[in-house]
Structure formats: structure tokens, C-alpha cells
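Results of the structural survey
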Amino acid sequence: MMTRLVSIEFQKLFKNRASKVLILTYFVLLSFIALIASVKFEFGSFKLHIAEQGIFNFPYIWHFNTYIASVFKLFLAIVIVSMMANEYTYGTLKQNLIDGMSKKEFIFSKFITVVAFALASVVFIFLLSLILGYSFSSYSEISIVTSDLEYLFAFFIKLTGFFSFCLFLGILVKRSAFALGFLLVWNIVEWIMSGLLKWLIFPNTNIYAKINQFFPLEAMSNLIKEPFSRLSAIKNIETTITGENTLKDYGLHFGEITIVVIWTVIFIYLSYWILRKRDL
């Protein structure tokens, strides 16, 4: 059954020219991470070659590349909400149900597509990171190369959660432009709520952060924290300015994973619930 559902979904995707262009654009943009290696800055006697700053060193590269790749996830988000919009626009959803596909199978087929996109992204970043790492890294010992691979797992969970959210919005709103607009609005709402918690409700405490971690987009963001402050050059600048080196936790924690997994389950269940209740 799974093979049949996957086949149906990918036929729909790759027969749509816009979807093909967006998917190709997404993976081309991921490839542009490699171009960072060629970036050089020169200001008089000051010269800076980005690749020489250690961003492609193992195991740091797993953290850096997954964080940068996360920025481009919006391209596949557009594909996912458009995928659902097209189901309503062209009547393929109703036709699939007439042909005998259950609503549960329909949602399952969309979730498989979400997971396939996330998995393909992970595999692509894994291979790209290996190539860049072995080309530029100062370390090639297998024990170092395989360290911090949990960032790939975090990347997979993050994308699966985000794409599930986009799938839910596509089903809820039916129109891709409005669904993406809703995504932007939700991001702004989380930002405003975070500001209110931090500056008005719980000032001078870290209680706001404990609440923020349960917001869906914030929870996904927390899976892969910014990697730049791990670089020795950034640490030296921080030490020079503040006189101290701030310790920061960059690790992946079970609680953070659990929150995103729970949100993923909620989004998929709500997608099914809306589809089951809606008059098609």
C-alpha cells in the first residue's frame, strides 16, 4: 500500500512544473553551501578566507551545514502547501476518494511525502558535508568524523515537524498564498508572545524561555541552535569585548525532540480531523 501511495503522490508532484522547479531550486540552493568555501574578504592588510575559519572542520560541519540548510526549508514548504491547494483546485482529492482511497490513506500519503522530503534533505546534506569535510577539514579520523551526527537527526525531526505544520495549514486554508501568509502571521505571533513574556510578564527571569520552548516554531528552532558562536574567531571577539567567554549549550536534548514530535503528531491528526469533518 505504501508504495502505491508514494507513487501517486510523486506523480502529482512531478507532473506539476512549478513543484519541479521549486524542488530543484531547493537542492541547488543547498549546494550553494559549498560556495562559502570560496568566499574571501580583503580589507587592506586584513584577509579572511571563510573556509579557513574551521566551518568545514569535522565535527563542526554537521552543526553548521544543518543550520544553514534549515534556512532554505521554505522552498519545500511552498511545494507542500501548493500540493494541498492543487488537490482542491483540480479536484484530485475528491477523485482519489471516489476511486477508493480513504481519507486516512490520503493523509498518510501526504505524511509519507513530508517524511520523504525531510529524508532526502538529510541524505543530501550528509553527502555534501562529507565532501566538504574531507576537502577542507583539518581532521579526518573516523571517530571525529562521526561525532555530532545527531545534528542530522535533529535536522530530520525539524523538517518533518515544519513540513507537517505546512501540510496542516494547506488543508486548513486550502489556498497556498493564504497558507504561507498564515505561516508568516504565526511566526510574528510567536515573536510577539515571546516579547511579552520576556519584557512584561516575566522580566529578569528565564521563565519566558521555559514557556517559549513549547511554541511550535520555537521548538523546531531550538533543535539546531546557531553555530557561529562556536567558532574560535567569534569566541576571541566575545572575550575581547566582554572580558569573558560565555558557555552555551549547543547539544540536542530529548525534551526538545519530544516537543517537536508531539507537535508533528498534533498537526497530522488535526489535518486528518479537518479532512474527515469537512464536506468535500
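The structure under discussion appears in the preceding block.
Just so we're clear, the structure is a prediction, and the values are computed from it rather than from any experiment.

Thresholds applied
- Residues numbered from 1 in each chain as written.
- Predicted model: local features only at pLDDT ≥ 70, side-chain atom pairs only at ≥ 80, totals over all residues.
- Heavy atoms only, no water.
- Axes fitted to C-alpha atoms, helices over the stretch in contact; angles between N-to-C directions.
- Helix = DSSP H or I, 4+ residues; strand = E, 2+ residues; numbered from the N terminus.
- Parallel < 35°, antiparallel > 145°, perpendicular 65-115°, else oblique.
- Left-handed = near helix turned anticlockwise from the far one by under 90°.
- Contact = heavy atoms within 4.5 Å.
- Nonpolar A, V, L, I, M, F, W, Y, C, P; charged D, E, K, R; others polar.
- Buried < 20%, exposed > 50% of the residue type's maximum accessible area, 1.4 Å probe, protein only.
- Polar contact = N/O pair within 3.5 Å; in protein donor to acceptor, adjacent residues only side chain to side chain.
- Phe/Tyr/Trp six-rings, centres within 6.5 Å; stacked < 30°, edge-to-face > 60°.
- Expected span 1.5 Å × (residues − 1).

**Comments concerning the packing of helix α2 (residues 17–31) against helix α6 (residues 103–136)**
Geometrically, a packed helix pair is captured by the angle between its two axes and the distance between the axes. Contact geometry for α2 and α6: axes closest at 10 Å, N-to-C directions at 25 degrees. Relative to α6, the element α2 is oriented roughly parallel. Judged by the sense of rotation from one axis to the other, the crossing of α2 with α6 is right-handed. Here Ile 23, Tyr 26, Phe 27, Leu 30 and Ser 31 of α2 lie close against α6, whose contacting residues are Phe 117, Ala 120, Ser 121, Phe 124, Ile 125 and Leu 128. Looking at side-chain class alone, the contact of α2 with α6 contains nine nonpolar, two polar and no charged residues.

**A look at the side chain of Thr 66**
Structurally, Thr 66 can be placed in helix α3 (residues 60–70). Note on Thr 66: relative accessible area 0%, which makes it buried. At 2.6 Å, the side chain of Thr 66 forms a polar contact with the backbone oxygen of Trp 62. Apart from residues lying up to four places away in sequence, Thr 66 is in contact with Ile 125, Tyr 151, Leu 152, Phe 155 and Ile 224.

**Structural notes on the packing of aromatic side chains**
Tallied over the full model, the rule gives 15 aromatic pairs. Ring geometry for Phe 58 and Tyr 134: centres 5.3 Å apart, planes at 65 degrees, overall edge-to-face. Taken together, the residues Phe 58 in the loop between β2 (46–49) and α3 and Tyr 134 in helix α6 connect sequence positions 76 residues apart. Seen in terms of ring centroids, Phe 162 and Phe 163 are 6.1 Å apart; in terms of plane orientation they differ by 55 degrees. Their pairing is tilted.

**Considerations on unusual backbone geometry**
At the junction of Phe 58 and Pro 59, the peptide bond is cis and its omega measures out at -5 degrees in the coordinates. Of note, Pro 59 is situated in the loop between β2 and α3. In this structure, Asp 148 is a non-glycine residue whose phi angle is positive, near 65 degrees. Its place among the elements puts Asp 148 in the loop between α7 (142–145) and α8 (150–173).

**Let's talk about helix α4 (residues 73–89)**
For α4, which comprises 17 residues, the first-to-last C-alpha distance of 24 Å matches the rise-based estimate of 24 Å (1.5 Å per residue) to within 8%. Burial of α4 is extensive: twelve of the 17 residues sit out of reach of the surface. Regarding α4, the residues found buried are Lys 73, Leu 76, Ala 77, Val 79, Ile 80, Val 81, Ser 82, Met 83, Met 84, Ala 85, Glu 87 and Tyr 88. In the stretch just after α4, Gly 91 is the one whose phi turns positive, near 75 degrees.

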